[in-house]
Amino acid sequence: MKGTNLGEFQELVLLTIGTLYPEAYGVGIKDEIREKTGRKVTLSTVHAALNRLEKKGLVQSSFGEATKIRGGKRKKYFTITAYGIKALEETREQREQLWNAIPKQVFQINWSL
Amino acid sequence: MKNNSVHPPKWANRFLEWYCKPELFEDLQGDLYEYFERNIETKGRRRARLNYTLDVIKFFKPYTVKKLEILGQLTQFIMFKNYFKTSIRSIGRNKLFSAINVLGLAISMSVCLLMITMFSEVKNYDRFHADYDRIHRVTNAQKYLENEPNLFASTSVLAGRRLKAEVPGIEAATIITRSFRADAKVGDNTFPFNAPWVDNDFFKVFSFNLLRGDANEALAEPYSVVLTDETAEKFFPDQDPMDQTILMNDQNYRVTGVVEKPPFNSHFKFSALISYTTYEQEERKREENDWWLNWHNMWSNYAYFKLDENTSIDQVQARLTSIADDETSPQDQTKIILGTQPLTNIMSGPDMSNQIGESIGNQALWILGVLAFVVILSAAFNYTNLSIARSLRRAKEVGVRKVVGATKKQVFTQFTIEACIISVCSLIIAYLLFFVLKPLFLNLSPEMQRSLKLEHEPIMLVYFLLFAIGVGISAGFIPSLFLSKLRAIQVLKDASSTRLFSKINLRKVLIVVQFTLSLAFIISASIANRQFKYALNFDLGFDTENVLNVSLAGNDPYLTKAIFEQIPEITDISLSSHVLSTGSRYANRAKSEDGLDSATVYLSQIDHKYIPLMGHQLLAGTNFVKKDKVEKEETVIVNETILNKFKLGTPEEAIGKVLKFGPESSLIVQGVVKNFHYATLDSEIECFAFRHQPQNAEILNLKIMSDNILNTRQKIEAAWLEFDDVHEFRGSFYDERIEAAYSEFEVMFTIVGFLAFITITISALGLLGMGVYTAETRLKEISIRKVLGASEGSLITLLSRGFMWLLLIASLIAIPSTYYLFDSVLLSDQAHRADIGALELLLGVIVIFVIGFMTIGSQTWKAAKSNPAQTLRTE
């Protein structure tokens, strides 16, 4: 149970990897998060999260072709594993359940008060 | 678009590379680089570089940092078992080479262990005193005109007193004067007694353990004596020694304290202490003049002081220098300069005269250290040499290891471990040899026995082990480096094509160095031996044969003489104050009759029988007339040199002329003896005079005629013991005394000879190894040559020639350098010395060549005799 529980930032990274498929790599993920959420994240936080996700088995990585940019270093592309998808779905389900459990009155804000 | 000329900071990259796990490194650096390039455009170079650096630092997180050390060590550790196993197997496979290495290293290591123990023992001297690092002593340098100053461990009482009174920043200072000798009468018993006078601050400077008595008061009163526990037990068995009286020289001394016997590692040893006030009182009584307080009376007094915690020795030194300046008058030809020496430096410091106890001195320590180093170097060379020679065989192993994935570092570690295993094995043998060598070394000279025990604490074993590992690492360094550099492809494709023998010149150099050292040792040993023999057989100018010199030990000369006259084997007895030619000398200043010429005249005080007994040749005049008691000294017998010095003309002319010794004795020259050597051979013959003062005799010279010398000697000893049961019999034959006086040559000969033996053995072992190796590797070549008709003799020449060249080169280096060393440095201060003959030099070379040829020859002969059919068939 513990393994599948995603942290908020990890979930964000995982989703971003999904959106960027098949070209999700360190800097790209960082840029995407920045663009979509406006969060200022550093490269090292993204890397740390990727490392953690990979260790949990939620993502897998493979090296791309070497290019002239990046000082000749290959990019490391990340893709979500089936287990990762399952984790995302579980998280989403949990959220949905919680959403659904909120009584209607909560949303009916009495603006006149 | 890309600005390629801008790069991230190099050191940041290097840092990243250093800490980052290799599997993360590429991606990480790539991302950083991409970001960096983007930053150049948006934020400029400087910010980009700064950001890059910051990012690199931010990435330094647990998950990125490689588990380098632990992981690496773990592999090494896991591999260690493998290294160990392969090393043992390889050692076992090459029994001969391993035996040569282990044996050579073990022999030389045992010498080194001896040295290590000695150095640590010397270093620990005097460290039992509290605050030993603050205790110093005053030393004197005596400088005559512009000559090199002579160093003395002693100083004047005056210097000690002024130090106590005037120099600030000193916690305590004490003056010691040696040495009081007397017969101590305790009840009915008499004991020989000797002790230094020390002042009341003695126990404030030193922390000798005072068992009884008050440290502040024990040495205050005149005629107080503090005994060591050992002496107290001897003097007063089963009694309380405190407040007992001891009668010495008709004076009662009171025992005011008992001190624990000084430990072995104290440079200053004593069996009792006498209060300094005693000395002062006696001196005041004895002499009207204050010679004992004279600035120049610096022969038997010592001053030690303990610094305050916040005073530096330089401050004290400055004050001492100004005291010395103050005491030196401008017309003095001999100046005395005061210096200081730390307590811990006394045993190992510069060589000084008048040491209060034993001192080994840094010169001897240096020489021994260097010699030991040379010996271990020679053995390490063997290892290096043989390992490189054999690397052809190990090359394939290295190739396979490398293919399987061993790194250079791992191969290096493997061979280093192998070397260490060999050296640790050697250490075990060396440690056993150490116990064999120890007594031999200590017995070399009595000084050695007095100052060294060569015992070691268990912690020393750790040092020994570290030493062995150090030796292993350094001996194995070059072969390990060489083997670890081999390229797998090359070695495996065709081992013989590899330039394995690029190290051949290094090996030759090592062999030459080894044999140069061995040769130098042999030559040195034979020169030292020759010098020793030369000194013993030197014609001193008088007859020392069958003369037994007996020390009177304070007994009346005439009474003692009467005892010995009853022994029939003793044909004649004379009296003298000194045993000449054995090192000790005594001199007066003499003046000519008009007082214009003066010179130092060495002398001996004798009776009328001495000159004929010793066979001195009188050139002119007569011997002293027979008188048992000389009330007033009237005449003197001088040597030839004195005639020249005082311009007394020919021996015949000199008779009847007058020389003044001191203020009161004007002596008429009664006889002139032929020049003879009264001193050791390192000095020239100077002015000498025999004075007719038999009452001052301290030695009986017994001329013995006997078929059984040993038996007679026992008889004499028995007669002595009957006559004097207090003092032990101290008599020795003149020749023995002379031999003892030159024992330094003998010690040197023994040490150098022993080391020569060791280095030759080691070098020969190494040569043997090389010979075996050459013969083995060239076996095929030899066989083919033989098939084609080469004779055995020509094959031996072929194989041995190279080595013989090396030996020849070694001889060409060793002979001139050793000759120079002895001729100009070591023996240059000897006035009379044996010539370094061609024989000694040649002898060494011959020994080396014979040994070299025998080792190499035996192997090449074996190879040359081998049956070519058998060697070539297996091809």
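Above: the structure in question.
Along each chain, residue indices are assigned from 1 in the same order as the chain's sequence is written. Whichever chain is written first is A, and whichever ligand is written first is 1; the rest continue in order. Reporting in this predicted model follows two pLDDT cut-offs: at least 70 for local features of residues, and 80 or more for side-chain atom pairs to be given and counted; totals over whole chains, interfaces and linings ignore these cut-offs and use all residues. To get the side-chain values, all heavy atoms of the structure are used, and hydrogens and water are removed first.

Asks: Just to check I follow, could you spell out the overall build of chain B for this structure?
Replies: We count a stretch as a helix when DSSP gives it H or I for four or more residues in a row; a strand needs E for two or more, and each element gets its number in order from the N terminus. Helices and strands together make up the secondary structure of chain B, namely 28 helices and 22 strands. Rg of the C-alpha trace for chain B: 37 Å, well past the compact-globule value of 29 Å for 875 residues, more than 25% over. Projected onto its principal axes, the C-alpha coordinates of chain B cover approximately 115 × 80 × 60 Å. Whether a residue is buried, partly exposed or exposed follows from its accessible area with a 1.4 Å probe, protein chains only, as a fraction of its type maximum: under 20%, in between, or over 50%, in that order. The buried share of chain B, reckoned over its 875 residues, is 50%. One finds the centroid of the 91 positive side-chain charges in chain B at a distance of 18 Å from the centroid of its 96 negative side-chain charges. Note that the radius of gyration is over C-alpha atoms, with the globule rule given as 2.2 Å times the number of residues to the power 0.38. None of His or the chain ends enter the tally, which takes Lys and Arg as positive and Asp and Glu as negative. Taken as the charge location is NZ of Lys, CZ of Arg, CG of Asp or CD of Glu.

Asks: Please clarify how the overall build of chain A should be interpreted in this entry.
Replies: Within chain A, the secondary structure is distributed over five helices and two strands. When its helices and strands are written in sequence order, chain A yields α-α-α-β-β-α-α. Here the C-alpha radius of gyration of chain A, 18 Å, is well above what a compact globule of 113 residues would show, namely 13 Å. Each principal axis of the C-alpha distribution contributes one length, and for chain A these read about 60 × 35 × 20 Å. Counting across all 113 residues of chain A, residues that qualify as buried make up 37%. Contact criterion: two residues are considered in contact whenever any of their non-hydrogen atoms come within 4.5 Å of each other. Sequence-distant contacts in chain A: of pairs separated by 6 or more residues, those separated by 24 or more amount to 52%. Per-residue accessibility takes into account occlusion by the displayed protein chains alone, with areas from the Shrake-Rupley method and a 1.4 Å probe. Counting every atom, chain A has about 7400 Å² of accessible surface; 54% of that belongs to carbon and sulfur. Distance between charge centres in chain A, computed from 19 positive and 12 negative side chains, equals 8 Å.

Asks: Looking at this model, I keep getting lost on a nonpolar patch on the surface. Mind explaining?
Replies: Patch criteria: residues need more than 30% relative accessible area and no salt bridge. Like-charged residues are merged within 9 Å; nonpolar side chains of Val, Leu, Ile, Met, Phe, Trp and Tyr are merged within 5 Å. Note on definitions: salt bridges are taken to be side-chain nitrogens of Lys or Arg within 4 Å of carboxyl oxygens of Asp or Glu. A cluster of nonpolar side chains, Trp805, Leu808, Ile809, Leu812 and Ile813 of chain B, forms an exposed patch at the surface whose accessible area comes to about 500 Å². Look at Trp805 of chain B and you get exposed, because its relative accessible area is 52%.

Asks: Would you mind going over the packing of aromatic side chains with me for this structure?
Replies: Each aromatic ring pair is summarised here by two numbers: the centre-to-centre distance and the angle between the ring planes. Planes of paired rings set the category: under 30 degrees apart is stacked, over 60 is edge-to-face and the rest tilted, where pairs are Phe, Tyr or Trp rings (Trp by its six-membered ring) whose centres lie within 6.5 Å. Scanning all chains against the criterion turns up 46 aromatic pairs over all chains. Between Tyr25 of chain A and Tyr77 of chain A, the aromatic rings sit 6.1 Å apart at their centres with planes inclined by 85°, giving edge-to-face as the arrangement. Highlighted residues: Tyr25 of chain A in the loop between helix H1 (8–20) and helix H2 (26–37) and Tyr77 of chain A in strand S2 (residues 74–80), separated in sequence by 52 residues. Classification of Tyr25 of chain A by relative accessible area gives buried; the value is 9%. Geometrically, the ring pair formed by Phe202 of chain B and Phe208 of chain B is stacked, given 5.8 Å between the ring centres and 10° between the ring planes. Taken together, Phe180, Phe191, Phe193, Trp197, Tyr223, Phe235, Phe236, Tyr253, Tyr276, Tyr279 and Trp292 of chain B form an aromatic cluster joined through their ring pairs. Sitting over a ring, as applied to charges here, requires NZ of Lys or CZ of Arg to be within 6 Å of the ring centre and within 35 degrees of the ring normal. Its guanidinium or amino end placed over the ring of Phe264 of chain B, Lys269 of chain B lies 5.1 Å from that ring's centre, counting from NZ or CZ.

Asks: What am I meant to see in helix H13 (residues 408–442) of chain B here?
Replies: Quick reminder: α-helices carry 3.6 residues per turn. Residues three or four places apart thus point the same way. For a helix, the expected span equals 1.5 Å multiplied by the residue count minus one. Its 35 residues place the ends of H13 of chain B 47 Å apart at the C-alpha level, agreeing with the 51 Å of an ideal helix rising 1.5 Å per residue. In H13 of chain B, a bend of some 30° at Val436 of chain B exceeds every other bend along the element, and Pro439 of chain B, a proline, comes one to four places later. The angle separating two fitted axes, one through the seven residues that finish at a residue and one through the seven that start at it, defines the bend at that residue.

Asks: When you look at the packing of H13 of chain B against helix H15 (residues 459–484) of chain B in this model, what are you seeing that I'm missing?
Replies: Two numbers describe a pair of packed helices, the interaxial angle and the distance between the axes. Residue and element names in this part refer to chain B. In this description, a line fitted to the C-alpha atoms serves as the axis of each element, helices being fitted only across the stretch in contact, and the angle between N-to-C directions of two axes falls anywhere from 0 to 180 degrees. Between H13 and H15, the shortest axis-to-axis distance is 7 Å and the interhelical angle comes to 140°. Considering their axes alone, H13 and H15 lie oblique with respect to each other. Remark: the crossing between H13 and H15 carries right-handed chirality. When the residues that make up the contact of H13 with H15 are grouped by side-chain class, the tally is 17 nonpolar, six polar and one charged. Roughly parallel here means an angle under 35 degrees, roughly antiparallel means over 145, roughly perpendicular means 65 to 115, and every remaining angle is called oblique. Handedness of a helix crossing follows the sense of rotation of the near helix relative to the far helix, less than a right angle counterclockwise being left-handed and clockwise being right-handed. Classes in brief: Ala, Val, Leu, Ile, Met, Phe, Trp, Tyr, Cys and Pro nonpolar; Asp, Glu, Lys and Arg charged; the others, Gly included, polar.

Asks: I keep staring at the interface of chain B and chain A and nothing clicks. Help me out?
Replies: Accessible area lost on assembly of the parts is the figure often given for the size of an interface. Taken residue by residue, the interface counts 19 residues in chain B and 19 residues in chain A. Take the accessible area each of two parts loses on contact, using a 1.4 Å probe, and add the two losses: that sum is the buried area. Here chain B meets chain A over a buried area of about 1900 Å², counting both sides, of which 54% is carbon and sulfur. Per-residue buried area on chain B facing chain A is highest for Glu26, Asp27 and Tyr63 of chain B; these three make up 31% of the total on that side. Here Asp31 of chain A and Arg38 of chain B are joined by a salt bridge, their closest N and O atoms 2.6 Å apart. Pairs of N or O atoms are called polar contacts if they sit within 3.5 Å, as long as, within protein, a hydrogen donor faces a hydrogen acceptor (for residues adjacent in sequence, only side-chain-to-side-chain pairs). For the pair chain B and chain A, the interface holds seven residue pairs in polar contact (both at pLDDT 80 or more). Broken down by element, the side of chain B that touches chain A gets its largest block of residues, 14 residues, from helix H2 (residues 22–43) of chain B. Across the side of chain B that touches chain A, the residue classes break down as seven nonpolar, two polar and 10 charged.

Asks: Honestly, a negative patch on the surface in this entry has me stumped. Any pointers?
Replies: Residue and element names in this part refer to chain B. Together, Asp229, Glu233, Asp238 and Glu260 make up a negatively charged patch on the protein surface. Tracing the sequence through the fold places Asp238 in the loop between helix H8 (229–235) and strand S7 (245–248). A residue is classified by how much of its surface remains accessible, and Asp238, at 75% relative accessible area, is exposed.

Asks: Whenever I open this one, the side chain of Gln29 of chain B confuses me. Can you help?
Replies: Summarising the element assignment, Gln29 of chain B is placed in helix H2. Since its relative accessible area comes to 9%, Gln29 of chain B is described here as buried. A distance of 3.2 Å separates a polar atom in the side chain of Gln29 of chain B from a polar atom in the side chain of Lys73 of chain A. Discounting chain neighbours no more than four positions away, the residues touching Gln29 of chain B are Lys73 of chain A together with Asn13, Leu16 and Tyr52 of chain B.

Asks: Help me out: how do you make sense of a positive patch on the surface in this one?
Replies: Taken together, the side chains of Arg34 and Lys40 of chain A together with Lys43 and Arg47 of chain B make up a positively charged region of the molecular surface. Within the secondary structure, Lys40 of chain A sits in the loop between H2 and helix H3 (43–56). Taking relative accessible area as the criterion, Lys40 of chain A reaches 72% and is therefore assigned exposed.

Asks: Explain the packing of H2 of chain A against H3 of chain A here, please?
Replies: All names here are of chain A. Where H2 meets H3, the closest approach of the two axes is 9 Å, and the angle between their N-to-C directions is 110°. By the criterion of interaxial angle, the relationship of H2 to H3 is roughly perpendicular. Considering how the two elements wind past one another, H2 and H3 form a crossing that is right-handed. For the pair H2 and H3, contact is made by Gly26, Val27, Ile29 and Lys30 and by Leu43, Val46, His47 and Leu50, respectively.

Asks: What am I meant to see in unusual backbone geometry here?
Replies: Note on backbone geometry: most residues besides glycine have negative phi, and most peptide bonds are trans. Cis geometry marks the peptide bond from Tyr21 of chain A to Pro22 of chain A; its omega dihedral reads 0°. Following the sequence through the fold, Pro22 of chain A ends up in the loop between H1 and H2. A positive phi angle is found at Asp238 of chain B, which is not glycine, with a value near 55°. The phi angle at Asn249 of chain B is positive, at roughly 50°, despite the residue not being glycine. Among the structural elements, Asn249 of chain B can be located in the loop between S7 and strand S8 (251–259).

Asks: Help me out: how do you make sense of the environment of Lys862 of chain B in this one?
Replies: Along the chain, the position of Lys862 of chain B falls in helix H27 (residues 838–865). With 400 residues separating them along the chain, Lys862 of chain B and Val462 of chain B place their C-alpha atoms 44 Å apart.

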